[in-house]
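# A closer look at the structure
Okay, here's what each chain looks like letter by letter:
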Amino acid sequence: MVNPKSADLDGGLYLVSVPIGTARDITLRALDVLAGVDVIAAEDTRSMRRLLEIHGVSLGDRPLIAYHDHNGPRVRPKLLQWLREGKSVAYASEAGTPMVADPGFDLARAAREDDTPVTAAPGPVAAIVALTLSGLPTDRFLFAGFLPSSKGRRKSALQELVATKATLILYESPKRCAAALADMAAVLGADRPAAMCRELTKKFEEVRRGTLAELALETAERQVRGEVVIVVGGADRDSSNISSDDVDSRLKEVTPEMSLRDAVDLVAAETGLKRRQVYQRALDLIGRDADNDFGSGAVDGIEANGEDGDDAE
Ligand code: SAM
């Protein structure tokens, strides 16, 4: 065992990453910082105490202060006061890296505004572990945090991501996983490759890969437990590969769920085609299929939304 060094540290704020499951996934430097700082602030003081115990770091008579979203405004001034006095303060969230879907942003910003040095003892982030295990492209990725919990706002948030070419990484609660995957399949496209990464670095770690439609179906049939990250392949916007039939069938697929205006926007974003081109396909379809569902639904959409064919490029 390597003993943490409680070496003298310069004053300033140390943003310390902690494990996301397995206690030994902490860096030696993070332990040195936790052993050496004057004050430790933690989102969850109980889990911090446990971590210090596991790694043989003595707290001694140093303060261990709870700092989280609810008490931030009350506790921040005290931490900033210590920092102004030249003390070293470590901040760690309950798991992984502070500020990644976790508190710490306001504290770091206030410290910087005070000209206090802010540095990091980096380490685990669930989003990055999931990305590396997902099998999806890692050259460009976008971390989108948690989706909204209400269906309507979740779908709008997904619509904003539909044209993103980078691999998408999303955090999700186990109880909303099935609904979120179903919405992702409907909005981002049923055939997008994806991975559901559960309980990373823990005993029951699991990575399930498939299309969004497959994962949505599978997840609807079982209870999801533990912590989950969903990784989704980026949009393929190479419009040279997209046939008119592809556009027609996608328009038919999405029109029952939304207005014509939204359907055109969505298909244009997904395919990278010009909005005007997609709108023209939709009009052709209405003309051709006036008697079927697409025709009547789309015409309703036009009337309801006052679609006038303007091009929003
Ligand atoms: N700060 C953390 C980080 O650096 O990843 C994230 C904290 S956020 C409040 C908690 C969410 O992170 C969970 O709901 C889950 O989506 C994801 N997460 C954290 N640990 C995980 C793990 N071991 N396996 C899978 N997902 C995890």
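In what follows, the accompanying structure is described. The shown structure was predicted, so the numbers you read here are calculated from the model rather than taken from an experiment. (Residues numbered from 1 in each chain as written. Predicted model: local features only at pLDDT ≥ 70, side-chain atom pairs only at ≥ 80, totals over all residues. Heavy atoms only, no water.)

### Some remarks on the overall build of the chain
Heads up, the rule is: The helix count covers DSSP runs of H or I at least four residues long, the strand count covers runs of E at least two residues long, and both are numbered beginning at the N terminus. Residue exposure (1.4 Å probe, protein chains only): buried if accessible area is under 20% of the type maximum, exposed if over 50%, otherwise partly exposed. By the convention used here, residues are in contact when the closest approach between their heavy atoms is within 4.5 Å. We get accessible surface area from the Shrake-Rupley algorithm with a probe of 1.4 Å; when it comes to residues, only the shown protein chains can shield them.
Each helix and strand counted, the chain has 12 helices and 10 strands in total. For the chain, the residues scored as buried account for 46% of the 313 residues in total. Counting only contacts in the chain whose residues sit at least 6 apart along the sequence, the fraction spanning at least 24 positions is 73%. Entry remark: accessible area of the chain is about 15800 Å², with carbon and sulfur atoms responsible for 48%.

### Remarks on the sheet that holds strand β2 (residues 39-42)
Filter applied, for reference: Paired strands, in this sense, are two strands between which DSSP finds at least two bridges. Note on geometry: axes are C-alpha line fits, over the in-contact stretch for helices, and angles between N-to-C directions span 0 to 180 degrees.
Taken together, five strands build an open sheet; the order of strands is β3-β2-β4-β1-β5 and the sheet is parallel. Among the strands making up the open sheet, the edge pair consists of β3 (64-66) and β5 (118-121). Across this sheet, the average inter-strand angle for adjacent strands is 25 degrees, counted without regard to direction. Sheet analysis places β2 next to strand β4 (residues 88-92), joined by four bridges and oriented parallel. Residue pairing across strands places Ile 40 opposite Ala 90, the latter belonging to β4.

### Let's talk about the pairing of strand β8 (residues 193-198)
Across a regular strand the side chains alternate sides, sitting on one face of the sheet and then on the other. For β8, a buried count of five out of six residues is recorded, marking the element as mostly surrounded by other parts of the structure. Direction of pairing for β8 relative to strand β9 (residues 206-211): antiparallel, over a ladder of six bridges. Along β9, the bridge assignment pairs Met 196 with Arg 208. Where β8 meets strand β10 (residues 228-232), five bridges bridge the pair, whose relative direction is antiparallel. Looking at β10, one finds that Ala 195 is bridged to Val 231.

### Thoughts on unusual backbone geometry
Of note in this structure, Met 99 is not a glycine but carries a positive phi near 80 degrees. The residue Met 99 is located in the loop between β4 and α4 (105-113) in this model. We note that Asp 115 has phi near 60 degrees; this positive angle belongs to a residue other than glycine. Inspection of the secondary structure assignment puts Asp 115 in the loop between α4 and β5.

### Topic: the packing of helix α9 (residues 244-254) against helix α11 (residues 275-288)
What describes two packed helices is the angle between their axes and the distance between those same axes. How we decide: Here the word oblique covers every angle except those under 35 degrees (roughly parallel), over 145 (roughly antiparallel) and from 65 to 115 (roughly perpendicular).
The contact between α9 and α11 brings their axes to 10 Å, and the two run at 70 degrees. Classed by the angle they form, the pair α9 and α11 counts as roughly perpendicular. Counting all contacts with α9, which are made through Ser 244, Val 247, Asp 248, Leu 251 and Lys 252, the residues of α11 involved are Val 278, Arg 281, Ala 282, Leu 285 and Arg 288.

### Description of the side chain of Asp 183
Selection rule: Residues adjacent in sequence count toward polar contacts only when both atoms are side-chain atoms; beyond that, a polar contact is any pair of N or O atoms within 3.5 Å, and within protein one must be able to donate a hydrogen and the other to accept it.
Structurally, Asp 183 is set in helix α7 (residues 177-188). Side chain to side chain, Asp 183 and Lys 151 meet in a polar contact 2.6 Å long. Non-local contacts of Asp 183, meaning those with residues more than four positions away in its chain, are made with Lys 151, Arg 154, Lys 155, Leu 158 and Leu 188.

### Some thoughts on the packing of helix α6 (residues 151-161) against α7
Note the following rule: Left-handed describes a crossing whose near helix is turned anticlockwise from the far helix through less than a right angle; right-handed describes the clockwise counterpart. Gly is placed with the polar residues, together with every amino acid not listed as nonpolar (Ala, Val, Leu, Ile, Met, Phe, Trp, Tyr, Cys and Pro) or charged (Asp, Glu, Lys and Arg).
For the pair α6 and α7, the least separation of the axes is 10 Å and the interaxial angle reads 45 degrees. Comparing the axis directions of α6 and α7 gives the class oblique. For the crossing formed where α6 meets α7, the hand is right-handed. Between α6 and α7, the contacting residues are Lys 151, Arg 154, Lys 155, Leu 158, Gln 159 and Leu 161 on the first element and Ala 179, Ala 180, Asp 183, Met 184, Val 187 and Leu 188 on the second. Among the residues forming the contact of α6 with α7, the class breakdown is seven nonpolar, one polar and four charged.

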